[in-house]
Amino acid sequence: MVTESAPIVALVRRAIEMLVEGDFESLERLTASRRLTAAELKEAVATQPGRLVMPPETEFDLLRQRISDECSSDEICPLELDLWTPEGRGDVTLEFTIKMTDGNAGIEIDNLHTL
């Protein structure tokens, strides 16, 4: 059951940092190799138009609100977040699932796709 959004936002932020930095092996470990492997993540990022950068803080504020609104009573919560390039909001969406186990949040990357 999700009761506090801050640790989940921090987890999502770290996952996006790993995508932006190209640290796909660490991202695979963070997600416990669920769904997408490091090679699949690398390929998905390589096929996207433009270089990825961290989204602005306002995107994480919106995510925090969505978690509070949509995930407050769920142990499994699917979410999406648009990724950014230096030019602004990109055409890439990160689909991920937050899973709560014994009060700890985990993340699975479900998909990276172009809009």
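Presented here is a report on the structure given in the accompanying data block. (Residues numbered from 1 in each chain as written. Predicted model: local features only at pLDDT ≥ 70, side-chain atom pairs only at ≥ 80, totals over all residues. Heavy atoms only, no water.)

**Notes on the overall build of the protein**
Where we set the bar: Under the scheme used here, helices are H or I runs from DSSP no shorter than 4 residues and strands are E runs no shorter than 2 residues, and both carry numbers assigned from the N terminus. Computation of the radius of gyration draws on C-alpha atoms alone. For the globule rule, the value is 2.2 Å times the number of residues to the power 0.38. Throughout, a contact is declared for two residues whenever any of their heavy atoms are within 4.5 Å. Here, Shrake-Rupley sampling with a 1.4 Å probe gives the accessible areas, and only protein chains in the shown set may cover a residue. This count recognises Lys and Arg as positive and Asp and Glu as negative, with His and chain-terminal groups excluded. Working definition for charges: the position is that of NZ of Lys, CZ of Arg, CG of Asp or CD of Glu.
What the protein contains, in helices and strands, is four helices and three strands. In sequence order, the secondary structure elements of the protein are arranged as α-α-α-α-β-β-β. Expected size for 115 residues packed as a compact globule is a radius of gyration near 13 Å; at 13 Å, the protein falls within 12% of this value. In terms of its C-alpha atoms, the protein occupies a principal-axis envelope of roughly 35 × 30 × 20 Å. Partitioning the intrachain contacts of the protein with sequence separation of at least 6 by distance along the chain shows that 51% fall at a separation of at least 24. Taken as a whole, the protein presents about 6100 Å² of accessible surface, with 48% of it coming from carbon and sulfur. Computing the positive centroid from 11 side-chain charges and the negative centroid from 23, the protein places the two 4 Å apart.

**What to know about the pairing of strand 1 (residues 76–85)**
Side-chain direction in a regular strand flips from residue to residue, so the side chains alternate between the two faces of the sheet. What counts here: Pairing between two strands requires that DSSP report at least two bridges joining them.
The pairing of strand 1 with strand 2 (residues 88–101) spans nine bridges and is antiparallel. Bridge pairing in strand 2 links P78 to T97.

**Some thoughts on helix 3 (residues 38–46)**
Basically, it comes down to this: The classification of residues rests on relative accessible area computed with a 1.4 Å probe and restricted to protein chains. Under 20% of the type maximum is buried, over 50% is exposed, and intermediate values are partly exposed. The directions from the helix axis to the C-beta atoms are what the arc is built from.
Those residues of helix 3 that sit buried are A38, L41, A44 and V45. An end-on view of helix 3 places all buried positions within 130° of arc, on one side of the element. In helix 3, those exposed residues whose orientation departs by more than 90 degrees from the buried face are A39, E43 and A46. The inward-facing, buried residues of helix 3 abut helix 1 (5–21), helix 2 (24–30) and strand 3 (104–114).

**A short note on the environment of E108**
If you trace the backbone, E108 turns up in strand 3. When its relative accessible area of 4% is taken as the criterion, E108 is described as buried. Between the C-alpha atom of E108 and that of T97, which follows or precedes it by eleven residues, the distance is 5.2 Å. Look past the residues within four positions of E108 in its chain and what remains in contact with it is T31, R34, R35, E95, F96, T97 and K99.

**Quick look at the packing of aromatic side chains**
Applied cut-off: Whether two aromatic rings pair depends on their centres lying within 6.5 Å, for rings of Phe, Tyr and Trp, where Trp uses its six-membered ring; planes under 30 degrees apart make the pair stacked, over 60 edge-to-face, and the rest tilted. By definition here, charges over rings are those cases where NZ of Lys or CZ of Arg is within 6 Å of the ring centre and within 35 degrees of the ring normal.
Summed over all chains, the structure comprises zero aromatic pairs. Its end group placed over the ring of F60, R13 keeps NZ or CZ at 4.1 Å from the ring centre.

**Brief notes about helix 4 (residues 57–70)**
Worth spelling out the cut-off: The span you would expect from a helix comes to 1.5 Å times its residue count less one.
Under the 1.5 Å per step criterion, the end-to-end length of helix 4 is 20 Å for 14 residues, consistent within 8% with the ideal 20 Å. Residues of helix 4 that are buried make contact with helix 1, strand 1 and strand 2.

**Quick notes on the nonpolar core**
Convention followed: For the purposes of this section, nonpolar cores are sets of buried Ala, Val, Leu, Ile, Met, Phe, Trp, Tyr and Cys residues that join through side-chain atoms within 4.5 Å.
V12 and F96 are the most contacted members of the largest nonpolar core, which has 32 residues in total. Listing elements by their share of this core, those giving two or more residues are helix 1, helix 2, helix 3, helix 4, strand 1, strand 2 and strand 3. Per-element accounting of this core gives the leading share, eight residues, to helix 1. Contact partners of V12, with chain neighbours within four places excluded, come to L63, L81, F96, I98 and I107.

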